[in-house]
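So you can see what is in the structure, the chains are spelled out below.
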Amino acid sequence: MGKEGFYRCVECSRKAAELHRDYSNGILKITICGSCQKPVDKYIEYDPVIILIDAILCKAQAFRHILFNTSLNIHWKLCVFCLLCEAYLRWSALHGSEQSSDPADIIRYTKEWEFYGKFGLAALELMAFCSGVLSFLWLWVSCLQGGSIELNLLLRGLLLSCYGKVLLVPAVIWEHDYSPFCLGLIKLFVLTSNSQAIRVILNCSRRLSLVAVCFGLLSETLTAQACSKLPWSIQDIQDMWTS
């Protein structure tokens, strides 16, 4: 759980000193929010599967529970895992029919320079997206409105809300040929989750969170286009080192 005094009501986002009160004989009583008169965090009694379903549905209450009332710190591991899946999809798209259907060949894929290149490119694009979103929000909230934002919490929220990229896992396991339409839906779902995470953390309007996500997406797109126009490639680097 989060530190005392930093809990949030999942309904109205007001701060709370505790989520429940522990009485004798193991009796627990959920704390009632003094603002909305509802349980501060109803999800402490829910099964994790229900919490996950509500998060997939982009419910603000589930996002507040995960971001404020838990100590879930798997965002970096989740980030690396999703980047590996995305890098594999990009690498396999380059080789198409050349790839083998033998699952053991995944070990061989990690030895490919192009695979590492695609991983680096995906990481660079994610970095550009997060930097664009955080820069926009910092300028808007801190400079224009005179407020303050927690950049670490926002970064954690952005990375955790990229969980939709886990949908790329079936492509890694079964080597399914995903259509651009399906990949576009996954991208749209991830961006929607990013927007909801920003809205929950800053308690701001939906319009501001959408503009921030669009700004990050623009930064990511420009970075990808800039990298594609560079006068070198992974194969060029490999040839340089082997010569």
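- Looking at an unreviewed UniProt entry, one finds the protein named Protein ARV and attributed to Xenoophorus captivus.
- The record in UniProt for the protein states the following under Subcellular location (unreviewed entry): "Endoplasmic reticulum membrane".
- Per UniProt, the comment on the protein under Sequence similarities (unreviewed entry) is "Belongs to the ARV1 family."

### Quick notes on the pattern of salt bridges
And step 1. Per the counting criterion, the structure on display carries 7 salt bridges.
And step 2. With a shortest N-O distance of 3.5 Å, Lys-165 and Glu-86 are connected by a salt bridge. Note that Lys-165 is positioned in the loop between helix H6 (151–160) and helix H7 (169–174) and Glu-86 in helix H3 (residues 75–95), a separation of 79 residues in sequence.
And step 3. Here Glu-220 ties to Lys-187 by a salt bridge, and the two come within 3.1 Å at their closest N and O atoms. Here the residue Glu-220 occupies a position in helix H9 (residues 206–228), and Lys-187 occupies one in helix H8 (residues 180–202), the gap between them amounting to 33 residues.
And step 4. Judged by relative accessible area, Glu-220 falls into the buried class, the value being 12%.
And step 5. Under the relative-accessibility criterion, Lys-187 is labelled partly exposed at 30%.
And step 6. Salt bridges sharing partners connect three or more residues here, namely Glu-86, Arg-90, Glu-125 and Lys-165.

### What about the packing of helix H5 (residues 113–144) against H9?
And step 1. Across the interface, H5 lies against H9 with an axial gap of 7 Å and an inter-helix angle of 140°. Our classification of the angle between H5 and H9 gives oblique. Regarding H5 and H9, the two cross each other, and that crossing is right-handed. Along its contact with H5, which presents Leu-121, Leu-124, Glu-125, Ala-128, Phe-129, Gly-132, Val-133, Phe-136, Leu-137 and Trp-140, the element H9 presents Leu-208, Val-211, Ala-212, Val-213, Phe-215, Gly-216, Leu-217, Ser-219, Glu-220, Thr-223, Ala-224 and Cys-227.
And step 2. Of the residues assigned to the contact of H5 with H9, the class counts are 16 nonpolar, 4 polar and 2 charged.

### A short note on the UniProt feature "transmembrane region" (unreviewed entry) in the protein
And step 1. According to UniProt, the "transmembrane region" (unreviewed entry) feature falls on residues 119–141.
And step 2. Secondary structure content for residues 119–141 is 100% helix and 0% strand, and the end C-alpha separation is 33 Å.

### Here we look at the packing of aromatic side chains
And step 1. Per the stated rule, a full pass over the model turns up 5 aromatic pairs.
And step 2. Taken together, a centroid distance of 6.1 Å and an interplanar angle of 20° make the contact between Phe-136 and Trp-140 stacked. One end of the pair is Phe-136 and the other is Trp-140, both in helix H5 and 4 residues apart, which spans about a single turn.
And step 3. What makes Trp-140 partly exposed here is its relative accessible area of 34%.
And step 4. Within the aromatic cluster, the residues linked to one another by ring pairs are Phe-136, Trp-140 and Phe-215.
And step 5. The cationic tip of Arg-8 hangs over the ring face of Phe-68; the distance from NZ or CZ to the ring centre is 4.5 Å.

### Remarks on helix H2 (residues 60–68)
And step 1. Within H2, 7 of the 9 residues are buried, which leaves it mostly tucked inside the rest of the structure.
And step 2. Along H2, the residues classified as buried are Ala-60, Ala-62, Phe-63, Arg-64, His-65, Leu-67 and Phe-68.
And step 3. For H2, the secondary structure elements touched by its buried residues are strand E1 (7–8), helix H1 (48–56), H6 and H8.

### Here we look at unusual backbone geometry
And step 1. One non-glycine residue, Ser-13, adopts positive backbone phi at about 70°.
And step 2. Looking at the secondary structure, you find Ser-13 in the loop between E1 and strand E2 (15–16).
And step 3. At Cys-58, a position not held by glycine, the phi torsion is positive, near 60°.
And step 4. Tracing the chain through its elements places Cys-58 in the loop between H1 and H2.
And step 5. Overall, Cys-58 belongs to the buried group, its relative accessible area being 14%.

Criteria and cut-off values
Within any chain, residue numbers begin from 1 and follow the written order of that chain's sequence. Where local features are concerned, this predicted model is filtered to residues with pLDDT of at least 70; where side-chain atom pairs are given and counted, the filter is 80 or more; whole-chain, interface and lining totals use all residues. Side-chain metrics in this entry use all non-hydrogen atoms of the structure; hydrogen atoms and water are not considered. UniProt positions are given in the numbering used here, feature names are shortened, and annotations may be inferred rather than shown by experiment. By salt bridge we mean one thing: a side-chain nitrogen of Lys or Arg within 4 Å of a carboxyl oxygen of Asp or Glu. Strands here mean DSSP runs of E at least two residues long; helices mean DSSP runs of H or I at least four residues long; both are numbered from the N terminus. Throughout, exposure labels follow a simple rule: accessible area from a 1.4 Å probe, protein chains only, divided by the maximum for the residue type, with under 20% read as buried, over 50% as exposed, and the rest as partly exposed. Between N-to-C directions, angles span 0 to 180 degrees; the directions come from axes that are lines fitted to C-alpha atoms, helices contributing only their stretch in contact. Should an angle fall under 35 degrees it is called roughly parallel, over 145 degrees roughly antiparallel, and 65 to 115 degrees roughly perpendicular, with every other angle called oblique. Working rule for handedness: look at the near helix, and if it is turned counterclockwise from the far one by less than a right angle, call the crossing left-handed; if clockwise, right-handed. Contacts are assigned to residue pairs that have any heavy atoms within 4.5 Å of one another. Residue polarity follows a fixed list, in which Ala, Val, Leu, Ile, Met, Phe, Trp, Tyr, Cys and Pro are nonpolar, Asp, Glu, Lys and Arg are charged, and the others, Gly among them, are polar. Working definition: rings of Phe, Tyr and Trp (its six-membered ring) pair if their centres are within 6.5 Å, and the pair is stacked with planes under 30 degrees apart, edge-to-face with planes over 60 apart, and tilted otherwise. Whether a charge sits over a ring comes down to the Lys NZ or Arg CZ being within 6 Å of the ring centre and within 35 degrees of the ring normal.

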